[in-house]
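# Working through the structure, step by step
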Amino acid sequence: MDVLQARRAGTQLNQVELWKLERHPLDVAAAVRTRYAVEGPEAIAEVPGETERLKWVGIYPQRQGGDAYMLRVKVPAGRLSAHQVRTIGEIIEEYADGPEDHPVWGNRYGDLTTRQDVQIHWVSMSDVPAVWDRLEAAGLTTVQACGDSARNVLCCPVSGVDADEVFDASPIARRVSEFFTGNREYANLPRKFKLSITGCRDDCAQAEINDIGMWPARFEDGTVGFNLLVGGGLSDGPRMASDLDVFVAPDDALEACRAIAQLFGELGDRENRGTARMRYLVNELGPETFRVELAKRATFPLRPAGEQLTRRYRGDHVGVHPQRRDDGPGARPLSYVGCSVTVGRMPGTDFIALARLAEVYGDGEVRIATDQNFVITGVPDERLDDLLSEELLERRSPFPAPFERGVVACTGSEFCRFAIVETKARAVEWAREMDRRYAARLGGGAGVKDRALGDVVRMHFSGCPASCAQPQIADIGFRGETAHVGEEIVEAVDIGLGGSLGGDARFGDWVVGAMPVSEVPDAIGGVLEGYLAGRRMGERFYEWARREPGPAVRRMLAAARVADAGRSAAGRDAASDTSDRSGAG
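Residues numbered from 1 in each chain as written. Predicted model: local features only at pLDDT ≥ 70, side-chain atom pairs only at ≥ 80, totals over all residues. Heavy atoms only, no water.

### Quick word on the pattern of salt bridges
- Summed over the entire model, instances satisfying the criterion amount to 50 salt bridges.
- Where Asp133 meets Arg33, a salt bridge forms, and the shortest distance between an N and an O atom there is 2.9 Å. Taken together, the positions of Asp133 in helix α7 (residues 128-137) and Arg33 in helix α3 (residues 28-39) put the pair 100 residues apart, joining distant regions of the chain.
- By relative accessible area, which is 40% here, Asp133 ends up partly exposed.
- Arg108 is paired through a salt bridge with Asp97; the nearest N and O atoms lie 3.4 Å apart. Taken as a pair, Arg108 in the loop between α6 (82-95) and β4 (109-112) and Asp97 in the loop between α6 and β4 lie far apart in primary sequence, eleven residues in all.
- Among the charged side chains, a network of salt bridges with common partners joins Glu17, Lys20, Glu52, Lys55, Asp148, Arg270 and Arg273. (Salt bridge = Lys/Arg side-chain N within 4 Å of Asp/Glu carboxyl O. Helix = DSSP H or I, 4+ residues; strand = E, 2+ residues; numbered from the N terminus. Buried < 20%, exposed > 50% of the residue type's maximum accessible area, 1.4 Å probe, protein only.)

Below you can see the structure in the form of structure tokens.
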């Protein structure tokens, strides 16, 4: 045992670690079936640490308390069969019935997440076994969708069909997911463990903000595989992943992930959960020492990194795009269709309708993307017009306006016990307002079929510092806060500008803190006016925001706030009422 391991062994374990030692977290599954589904939430409360263990089977208590739970369904590499999509929709319709309709969302809906999962709300504990059985019959699971273990493994949502990818990495991502899911040896790590494995050139799987990021590379002998990144993440201590100077052949990818999980389990911080994520371990050791420790545990020799083949951060796959051509006999041109789901929320009936479209028009598969949208693959070009005329795609359009296309939001205070502000309904409201004001000046409103990526302004809204909506990598990021307005404490946000991943990856700068939410649309409007007036040819918002001095941007925000303050009392009251309604429920 080296010095670091000895120091770890001598520390005082935090409470969650003690609970995990008392009983393996995966054992909670049996208790759910035999006791909690029968006796209800009161029985869970009788067992110390049991609410924490529920995360290992994909269950979180909702903010409402009582017998209301969220279930998270893992979707490795974001790939679902039409049958699986239909199953999820039917489960939502049958089991996700809230006590009353939400003024924006109605009832019985699911959320597509930034980790290519699906979240289902308002599930009663008594219904969990039936939901699990339905999911298992369809080849799906909630096991380790949460908890201190390997989470859903990300991959490019159009892997295998992207005309420009280096290679299809989705089978590797799914193999890694299968290895970790239910594997008791690696199911008790110091904290959550997030992986991204992709063979595409556009970094849509966000390698730099994962604990393990593998993106395409070419070794000196011409072999294609991955360069290895470690220690990325967001939340309170955002960090871009470190390049370990390691090339990983496709056949070694699983072993690389296993060895890093072993390293993290042995050397990670189990004393302070605030610093238990792997990025803190990489910081502590340094990339060079981390590489040495990895070499001790991996069963293959570590080779130096190859030529990096990632070129940019695409952000989404919305729109109609040609697929990789199959030159075999009788081959016909195919396309994939990426559809915008504003903030990722869909009723169960939409999932069911989507399953039908994938079967009727596509290859029977649906992909979930990290921007909370979905993709229908394998559509013959001669069927595109018929697909695009379907009612579902009128509401989940492949040709949305630029702000609706780029908006992402976490669950927010509607359900999450940690969120400070309501996010999803408010994010929709803000995106639509910005589209109303600025879409035409950015290159047209909804329905523009050849919109350039540079016309899209990505707004990400997280309800707390945990950064589930990834505000640090957005053009415009919002992070939930509170502010004092007179004697009132109101919902507010910190505002960050200029984030992106890819070749010019950088976290956004937090330029304003604790702005009351009622002031945000006009404040952002002031910045957008500055962007439209001062951008260079082809310059994207985040590029302009990095070039524009911070004080100048703050003046743009402040000027808009002053203008807002000059409105009539009636106008301000109306704006406040609208904001309050958007957060209802």
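### Description of the environment of Thr113
- The topology assignment puts Thr113 in the loop between β4 and β5 (118-123).
- Residue class for Thr113 comes out buried when judged on its relative accessible area of 10%.
- Sequence-distant contacts of Thr113, defined by excluding residues within four places in its chain, comprise Gln119, Ala369, Thr370 and Gln372. (Contact = heavy atoms within 4.5 Å.)

### A closer look at the sheet that holds strand β20 (residues 509-516)
- With mixed pairing, the five strands of this open sheet are ordered in space as β16-β17-β18-β19-β20. With one partner strand each, in any of the chains shown, β16 (407-409) and β20 form the two edges of the open sheet. Here the average twist between neighbouring strands, direction ignored, is 25°.
- Bridge count for strand β18 (residues 476-485) against strand β19 (residues 488-497) is ten bridges, and the pairing is antiparallel. In the strand pairing of β19, His484 is matched with Ile489. (Pairing = 2+ DSSP bridges. Axes fitted to C-alpha atoms, helices over the stretch in contact; angles between N-to-C directions.)

### A word on the side chain of Asp162
- Within the secondary structure layout, Asp162 lies in the loop between α7 and α8 (170-180).
- Buried within the structure, Asp162 lacks any salt-bridge partner; its nearest side chain of opposite charge belongs to Arg314, at an N-O separation of 6.2 Å.
- Excluding residues that lie within four positions of it along the chain, Asp162 makes contacts with Cys200 and Arg324. (Lys, Arg positive; Asp, Glu negative; His and termini not counted.)

### Describing the environment of Ser467
- For Ser467, the location among the structural elements is in the loop between β17 (459-462) and β18.
- Each C-alpha atom of the pair Ser467 and Asn183 lies 28 Å from the other, and the pair is 284 residues apart in sequence.
- Those residues in contact with Ser467 that sit more than four places away from it in its chain are Leu234, Ser235, Ser462 and Gln472.
- A polar atom in the side chain of Ser467 sits 3.3 Å from the backbone nitrogen of Ser235. (Polar contact = N/O pair within 3.5 Å; in protein donor to acceptor, adjacent residues only side chain to side chain.)

### Some thoughts on the packing of helix α9 (residues 253-267) against helix α11 (residues 287-297)
- Where α9 meets α11, the axes come as close as 9 Å, and the angle between the chain directions of the two elements is 110°. Regarding the angle of α9 to α11, the classification is roughly perpendicular. α9 and α11 meet at a crossing whose hand is right-handed. Taking contact as the criterion, the partners of Glu255, Ala256, Arg258, Ala259, Ile260, Gln262, Leu263, Glu266 and Leu267 in α9 are, on α11, Phe290, Glu293, Leu294 and Arg297.
- The residue makeup of the contact of α9 with α11, split by class, is seven nonpolar, one polar and five charged. (Parallel < 35°, antiparallel > 145°, perpendicular 65-115°, else oblique. Left-handed = near helix turned anticlockwise from the far one by under 90°. Nonpolar A, V, L, I, M, F, W, Y, C, P; charged D, E, K, R; others polar.)

### Considerations on the packing of aromatic side chains
- Evaluation of the coordinates by the stated rule reveals 15 aromatic pairs.
- The interplanar angle of 45° and the centroid separation of 5.6 Å between the aromatic rings of Phe179 and Tyr186 together place this pair among those described as tilted.
- Judged by relative accessible area, which is 8%, Tyr186 ranks as buried.
- On the numbers, 5.1 Å between centres and 70° between planes, the contact of Tyr531 with Phe541 is edge-to-face. Residue Tyr531 is found in helix α17 (residues 520-534), and its partner Phe541 is found in helix α18 (residues 541-547); the two are separated by ten residues along the sequence. (Phe/Tyr/Trp six-rings, centres within 6.5 Å; stacked < 30°, edge-to-face > 60°.)

### Thoughts on the sheet that holds strand β1 (residues 59-61)
- Overall, antiparallel pairing links the five strands, which are arranged β1-β2-β5-β4-β13 in an open sheet. Of all strands in the sheet, those bounded by a partner on one side alone are β1 and β13 (345-347). Taken over all neighbouring pairs, the strand axes of this sheet differ in orientation by 25° on average, direction set aside.
- Direction of pairing for β4 relative to β13: antiparallel, over a ladder of three bridges. Each residue of the ladder has a partner; that of Asp111, found in β13, is Arg345.
- In the packing of α7 onto the sheet, the strands contacted are β1, β2 (69-73) and β5, and the crossing angle to β2 comes to about 15°.
- Where helix α12 (residues 348-361) meets the sheet, its contacts fall on β4, β5 and β13, and the angle it forms with β13 comes to roughly 85°.

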